[in-house]
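Breakdown of the fold
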Amino acid sequence: MTLDDNQLIALLKEPQTRRKGFEAMVRQYSERLYWQVRRIVVTHEDADDVMQNTFLKAWTALDSFHGDAKLLTWITRIAVNEALDLKRRQKVRPSLSADDESLGLANQLMADRYFDGDLAEAQLQEAIDQLPQVQKTVFTLRYYDEMKYSDISQVLGTSEGALKASYHIAVKKIAEFFHSRD
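Read on for a plain summary of the structure.

Scoring rules and cut-offs
Residues numbered from 1 in each chain as written. Predicted model: local features only at pLDDT ≥ 70, side-chain atom pairs only at ≥ 80, totals over all residues. Heavy atoms only, no water. Helix = DSSP H or I, 4+ residues; strand = E, 2+ residues; numbered from the N terminus. Buried < 20%, exposed > 50% of the residue type's maximum accessible area, 1.4 Å probe, protein only. Polar contact = N/O pair within 3.5 Å; in protein donor to acceptor, adjacent residues only side chain to side chain. Contact = heavy atoms within 4.5 Å. Salt bridge = Lys/Arg side-chain N within 4 Å of Asp/Glu carboxyl O. Phe/Tyr/Trp six-rings, centres within 6.5 Å; stacked < 30°, edge-to-face > 60°. Lys NZ or Arg CZ within 6 Å of the ring centre and 35° of its normal. Axes fitted to C-alpha atoms, helices over the stretch in contact; angles between N-to-C directions. Left-handed = near helix turned anticlockwise from the far one by under 90°. Nonpolar A, V, L, I, M, F, W, Y, C, P; charged D, E, K, R; others polar.

1. Comments concerning the side chain of Asp 145
For Asp 145, the position within the fold is in the loop between α8 (133-144) and α9 (149-156). Judged by relative accessible area, Asp 145 falls into the buried class, the value being 14%. At a separation of 3.3 Å, a polar atom in the side chain of Asp 145 contacts the side chain of Gln 36. Those residues in contact with Asp 145 that sit more than four places away from it in its chain are Arg 32, Gln 36, Arg 39 and Thr 140.

2. Some points on the pattern of salt bridges
Where charged atoms of side chains with opposite charge meet at close range, the side chains can pair. Counted by the stated rule, this structure contains eight salt bridges. Among the ionic pairs, Asp 151 bridges to Lys 70, the shortest N-O distance being 3.3 Å. In this pair, Asp 151 sits in helix α9 while Lys 70 sits in the loop between α3 (44-60) and α4 (71-92), placing the two residues 81 residues apart along the sequence. Given a relative accessible area of 13%, Asp 151 falls into the buried group. We note a salt bridge from Lys 136 to Asp 129, for which the minimum N-O separation is 2.8 Å. Residue class for Asp 129 comes out partly exposed when judged on its relative accessible area of 31%. Taken together, the shared-partner salt bridges in this structure form one network comprising Lys 87, Asp 129 and Lys 136.

3. Considerations on the packing of aromatic side chains
Counted according to the given criterion, the structure contains nine aromatic pairs. Ring centres 5.5 Å apart and planes at 15 degrees place the aromatic pair Phe 139 and Tyr 167 in the stacked group. Within this pair, whereas Phe 139 is found in helix α8, its partner Tyr 167 is found in helix α10 (residues 160-180), the two being separated by 28 residues in sequence. Like Phe 139, the residue Tyr 167 is buried in the burial classification. Sitting over the face of the ring of Tyr 149, Arg 142 holds its NZ or CZ atom 4.4 Å from the ring centroid.

4. Quick word on the environment of Glu 82
In this structure, Glu 82 sits in helix α4. The residues touching Glu 82, leaving out its near neighbours within four places in the chain, are Val 50, Asn 53, Thr 54 and Lys 57.

5. Digging into the packing of helix α2 (residues 18-41) against α8
Where α2 meets α8, the axes come as close as 10 Å, and the angle between the chain directions of the two elements is 145 degrees. Pair α2 / α8 crosses with right-handed handedness. Contacts between α2 and α8 pair Gln 36, Arg 39 and Ile 40 from the former with Gln 133, Lys 136, Thr 137, Thr 140, Leu 141 and Tyr 144 from the latter. Taken together, the residues of the contact of α2 with α8 sort by class into three nonpolar, four polar and two charged.

Nothing here speaks to function; it is all geometry.
Laid out in structure tokens, this is it:
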């Protein structure tokens, strides 16, 4: 059973029903958040870690949610920030061996037992992975999740105009990536 925002928020606000509301929120949003996060961090293991951290932070921050944004937007912001934090930590402390780096993202994805796409999807992921982090995040939220710019603006705390520009530039860079492979 899917609950709307008002029903979930009502459950989350009451101490007696908070756990039930949180479990419902996790059930409703886990898969969608997982794929948003997965497109940022790429690997299943990293996405799982980010998801655990996301829901832990959401649980501890429930009292700070005032309903100014949609519940999904609020938890998406937490998830995206967690994913971006992980990417920043990985840049400081790279975990890939030289062999993994030479494989290329497309080959790594094709070898990943959790990846169910084809070669074209793997190459698209490789093109996306080469984007600067902001463009990558904007592109994945807009292209894959079909989020409105107004919602992405709330998630990332950036103006809609800047987001539209980032998305446009990302699309051009992805097209260039594929044209350079011809």
